Amino acid sequence: QVQLVESGGGLVQPGGSLRLSCAASGFTFSSYAMSWYRQAPGKERELVASIRGGGITHYADSVKGRFTISRDNTKNTVYLQMNSLKPEDMAVYYCNAKRFYRPVERPGDSWGQGTQVTVSS
C-alpha cells in the first residue's frame, strides 16, 4: 500500500535552514505529483509546494524564494529545502501524493504522518 514517511523536522532559529525528506513506497513514484502541506496550530492545512512528475514546481507565495521542492525518482523521495525560516513557518509539515497535480486536497490523496518544524530563538 502507499506509504509516505517524512523526516528532517526539528527546532531551528529564525533565519536558519532545514531540509525535509519524504520517502515514498507502494506506488509508481515518478508518475505522481508530490506536495508538501503544512498546518499551524489553530489554522487550516495549506499547500506549501508541489512538484509534478515531470519536474514542474509550484509554490505558495509565502515561501517563494525561500523554499525549494525537489524529487529524486531513483530514491522515491521528495525533498523540501527550507531557507530563511521565519516563526510563521512553524507548523507540522505533511507529504502528499496524488496521481494528477491539483493545487487542492482531494479525497484520493495519500498523506504522511507529518513532521514538526519549530522556528524559535
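Just so you know, these numbers come straight off a predicted model, no measurement behind them.

The next point concerns the state of the cysteines. The term disulfide refers to a covalent linkage connecting the sulfur atoms of a pair of cysteines. Applying the stated criterion across every chain yields a total of one disulfide. In this model Cys22 forms its disulfide with Cys95; the gap between the sulfur atoms is 2.1 Å. Disulfide Cys22 to Cys95: torsion about the S-S bond roughly -85 degrees, handedness left-handed. Within this pair, whereas Cys22 is found in strand β3 (residues 18–25), its partner Cys95 is found in strand β9 (residues 91–98), the two being separated by 73 residues in sequence. Here the two residues Cys22 and Cys95 agree in accessibility, since each one is buried.

A few words now on the pattern of salt bridges. Tallied over the entire structure, the rule returns six salt bridges. Residues Glu105 and Arg45 are paired through a salt bridge, measuring 3.0 Å at the closest nitrogen-oxygen approach. Residue Glu105 is located in the loop between β9 and β10 (110–111), and its partner Arg45 is located in the loop between β4 (33–39) and β5 (46–51); the two are separated by 60 residues in the primary sequence. A salt bridge links Arg66 to Asp89; the nearest nitrogen and oxygen atoms lie 2.7 Å apart. Residue Arg66 is located in the loop between β6 (57–59) and β7 (67–72), and its partner Asp89 is located in the loop between β8 (77–82) and β9; the two are separated by 23 residues in the primary sequence.

Another aspect to go through is the side chain of Thr115. Mapped onto the fold, Thr115 is located in strand β11 (residues 115–119). Classification of Thr115 as buried rests on a relative accessible area of 10%. At 3.2 Å, the side chain of Thr115 and the backbone nitrogen of Gly9 are in polar contact. With near-sequence residues (within four places) excluded, Thr115 lies in contact with Glu6, Ser7, Gly8, Gly9, Leu20, Ala91, Val92 and Tyr93.

Reading the values: rules and limits
- Counting from 1, residues in each chain are numbered in the order their sequence is written.
- With the structure being a predicted model, the display of local features is reserved for residues of pLDDT at least 70 and the display and counting of side-chain atom pairs for 80 or more, all residues being used for whole-chain, interface and lining totals.
- Excluding hydrogens and water, the side-chain values take into account all heavy atoms of the structure.
- What counts as a disulfide here is a pair of cysteine sulfur atoms lying within 2.5 Å.
- In this text, helices come from DSSP runs of H or I with a minimum length of four residues, and strands from runs of E with a minimum of two, each type numbered from the N-terminal end.
- The buried label goes to any residue with under 20% of its type's maximum accessible area, the exposed label to any with over 50%, and the partly exposed label to all in between, with areas taken from a 1.4 Å probe on protein chains only.
- Salt bridges, as used here, are contacts in which a Lys or Arg side-chain nitrogen is within 4 Å of a carboxyl oxygen on Asp or Glu.
- As used in this structure description, the phrase polar contact means that two N or O atoms lie within 3.5 Å; if the pair is within protein, one of them must be able to donate a hydrogen and the other to accept it, and residues adjacent in sequence are counted only when both atoms belong to side chains.
- Two residues qualify as a contact provided that any one of their heavy atoms is within 4.5 Å of a heavy atom in the partner residue.

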